[in-house]
Amino acid sequence: MRYLQDGSHQFQPLMRLSLALTSLLLLAFWVTNFAMYFSRMDLHPASVVAYYNGVEAEFRPARSAASMLETTHMHLPMMALVLLLLTHLLLFVPMSRVAKLSLMVGAFAAAALEESGGWLVRFVSPSLAPLKVAGFVGLQAALGALIGALGISVLGGSRRNGASNGGRPQVARTAEAGSAARD
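Residues numbered from 1 in each chain as written. Predicted model: local features only at pLDDT ≥ 70, side-chain atom pairs only at ≥ 80, totals over all residues. Heavy atoms only, no water.

Participant: Please explain the overall build of the protein as it appears in this structure.
Facilitator: Helix and strand content of the protein: eight helices and zero strands. Seen in sequence order, the protein has helices and strands lined up from the N terminus as α-α-α-α-α-α-α-α. Partitioning the intrachain contacts of the protein with sequence separation of at least 6 by distance along the chain shows that 71% fall at a separation of at least 24. (Helix = DSSP H or I, 4+ residues; strand = E, 2+ residues; numbered from the N terminus. Contact = heavy atoms within 4.5 Å.)

Participant: How should I be thinking about the packing of aromatic side chains in this particular structure?
Facilitator: Two aromatic rings, taken as a pair, are described by how far apart their centres are and by the angle between their planes. Throughout the structure, instances matching the rule amount to seven aromatic pairs. When the centroid spacing of 5.7 Å and the interplanar angle of 85° are considered together, the rings of phenylalanine 34 and phenylalanine 136 count as edge-to-face. Of this pair, phenylalanine 34 sits in helix 2 (residues 13-40) while phenylalanine 136 sits in helix 6 (residues 129-157), and the two are 102 residues apart along the sequence. An aromatic cluster is defined as three or more aromatic residues linked by ring pairs; in this entry it consists of Trp30, Phe34, Tyr37, Phe38 and Phe136. (Phe/Tyr/Trp six-rings, centres within 6.5 Å; stacked < 30°, edge-to-face > 60°.)

Participant: It is not clear to me how the nonpolar core should be interpreted in this structure. Could you clarify?
Facilitator: A general tendency of soluble globular proteins is for nonpolar side chains to be buried together. Counting 22 residues, the largest nonpolar core has Leu83, Leu86, Leu90, Leu139, Leu143 and Leu146 as its most contacted members. Here this core takes eight residues from helix 6, the largest share from any one element. Ignoring sequence-local partners within four residues, the contact set of leucine 90 consists of Met95, Lys100, Leu103, Met104, Leu146 and Ala149. Counting residues in hydrophobic clusters, the runner-up holds 10 residues, among them Tyr37, Met41, Val48 and Tyr52. (Core = buried A, V, L, I, M, F, W, Y, C linked by side-chain atoms within 4.5 Å. Buried < 20%, exposed > 50% of the residue type's maximum accessible area, 1.4 Å probe, protein only.)

Participant: Teacher, can you tell me more about helix 2 here?
Facilitator: The α-helix winds at 3.6 residues per turn, so residues separated by three or four positions along the chain end up facing the same way. If you check helix 2, its first and last C-alpha atoms are 41 Å apart, about what 28 residues at 1.5 Å a residue would give, namely 40 Å. Every buried residue of helix 2 is accounted for by Arg16, Leu19, Ser23, Leu26, Asn33 and Tyr37. (Expected span 1.5 Å × (residues − 1).)

Participant: Explain the pattern of salt bridges here, please?
Facilitator: Two side chains of opposite charge can pair, provided their charged atoms sit close to one another. Summed over the entire model, instances satisfying the criterion amount to two salt bridges. We note a salt bridge from arginine 60 to glutamate 58, for which the minimum N-O separation is 2.7 Å. Between glutamate 114 and lysine 132 there is a salt bridge, and its shortest N-O distance comes to 3.0 Å. One end of the pair, glutamate 114, is in helix 5 (residues 97-123); the other, lysine 132, is in helix 6, with 18 residues separating them in the sequence. Accessibility expressed as a relative area gives 13% for glutamate 114, which makes it buried. On the basis of relative accessibility, which here comes to 5%, the residue lysine 132 falls in the buried class. (Salt bridge = Lys/Arg side-chain N within 4 Å of Asp/Glu carboxyl O.)

Participant: How should the packing of helix 3 (residues 45-53) against helix 5 be read in this particular structure?
Facilitator: The relative placement of two packed helices is expressed as an angle between their axes plus a distance between the axes. Their axes nearest at 9 Å, the elements helix 3 and helix 5 cross at an angle of 75°. With respect to each other, helix 3 and helix 5 are oriented roughly perpendicular. Judged by residue contacts, Val48, Val49, Tyr52 and Asn53 of helix 3 engage Gly118, Val121 and Arg122 from helix 5. Here the residues of the contact of helix 3 with helix 5 are counted per class, giving four nonpolar, two polar and one charged. (Axes fitted to C-alpha atoms, helices over the stretch in contact; angles between N-to-C directions. Parallel < 35°, antiparallel > 145°, perpendicular 65-115°, else oblique. Nonpolar A, V, L, I, M, F, W, Y, C, P; charged D, E, K, R; others polar.)

Participant: How should I be thinking about the environment of alanine 149 in this particular structure?
Facilitator: Structurally, the position occupied by alanine 149 is in helix 6. By relative accessible area, which is 13% here, alanine 149 ends up buried. For alanine 149, the contacting residues outside a window of four places in its chain are Leu90 and Val93.

Participant: What's the story with the confidence of the model for the protein in this structure? I'm lost.
Facilitator: Detailed reading of the predicted coordinates is not advisable wherever pLDDT is low. Confidence in the prediction of the protein, expressed as mean pLDDT, is 84, and 79% of residues score 70 or more. Every residue in residues 158-181 scores below 50 in pLDDT, and together they form 30 contacts with partners more than four places removed in sequence or on other chains. (pLDDT = per-residue confidence, 0-100.)

Participant: Please clarify how a nonpolar patch on the surface should be interpreted in this entry.
Facilitator: Together, Leu14, Leu17, Leu21, Leu24, Leu27 and Val31 make up a nonpolar patch on the protein surface, roughly 580 Å² of accessible area in all. Mapping leucine 17 onto the fold places it in helix 2. Given the relative accessible area of 45%, leucine 17 is considered partly exposed. (Patch = residues over 30% accessible without salt bridge, like charges linked within 9 Å, V, L, I, M, F, W, Y side chains within 5 Å. Areas by Shrake-Rupley, 256 points an atom, 1.4 Å probe, with all protein chains shown as cover.)

Participant: Looking at this structure, I do not really get the layout of surface pockets. What am I missing?
Facilitator: Where empty space is left in the structure can be found by rolling a water-sized probe over the atoms. By volume, the largest pocket is sized at about 560 Å³. Lining of the largest pocket is provided by 24 residues; of these, Met36, Thr71, His75, Glu114 and Glu115 occupy positions nearest its centre. Elements supplying a minimum of two residues to the lining of the largest pocket: helix 2, helix 3, helix 4 (65-90), helix 5 and helix 6. Here the residues of the lining of the largest pocket are counted per class, giving 12 nonpolar, seven polar and five charged. (1 Å grid on protein atoms, 1.4 Å probe; cavity = no way out; pocket = protein on both sides within 12 Å on 5 of 7 lines; lining within 4 Å. Points joined across faces, edges and corners; volume = space filled by probe spheres on them.)

Listed below in structure tokens is the structure:
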């Protein structure tokens with residue numbers, strides 16, 4: 001973590017490679033999220049209601065609680081780990097503390113809304129379908145921002161850390177400077 005904290009990961013080719021490859025796989029994960037969502041429904045609440053509550057005229061049954069539970073059981077730990085990884089790496093991206101905090105809280109809140117949205121539509125009220133859409137859009141926006149911030153940082157956005165020190169990374173010399181670097 002020291003390499004990320006002081007920016008010296010920019011001078012560690014294998015660390016940069018690992019972060020870049022991780023970013024590429026997460027980018028593919030992000031793209032497939034869109035593909036999976038739009039293969040089943042769209043951004044209109046009516047399509048969300050049709051997916052979860054079924055369409056009798058098309059002989060499409062409502063989603064069962066068991067199938068939804070199975071999906072939720074797999075989504076929750078996966079999203080938790082993906083968001084943990086991305087938000088942890090965000091700590092080392094040079095941006096304001098407020099921006100980091102907003103992105104972190106927003107990402108987890110959107111994930112919770114996206115995951116609970118289907119349950120709300122199916123078992124509470126079809127009128128809650130806009131929450132599922134808002135959760136999906138919010139989560140995808142947050143994932144895109146997190147992956148983008150990491151990618152920009154890895155590809156050179158934080159190279160300025162070493163530019164004013166003869167090409168060597170600057171290391172925090174005081175406890176105050178160290179805590180500022182972590183924010």
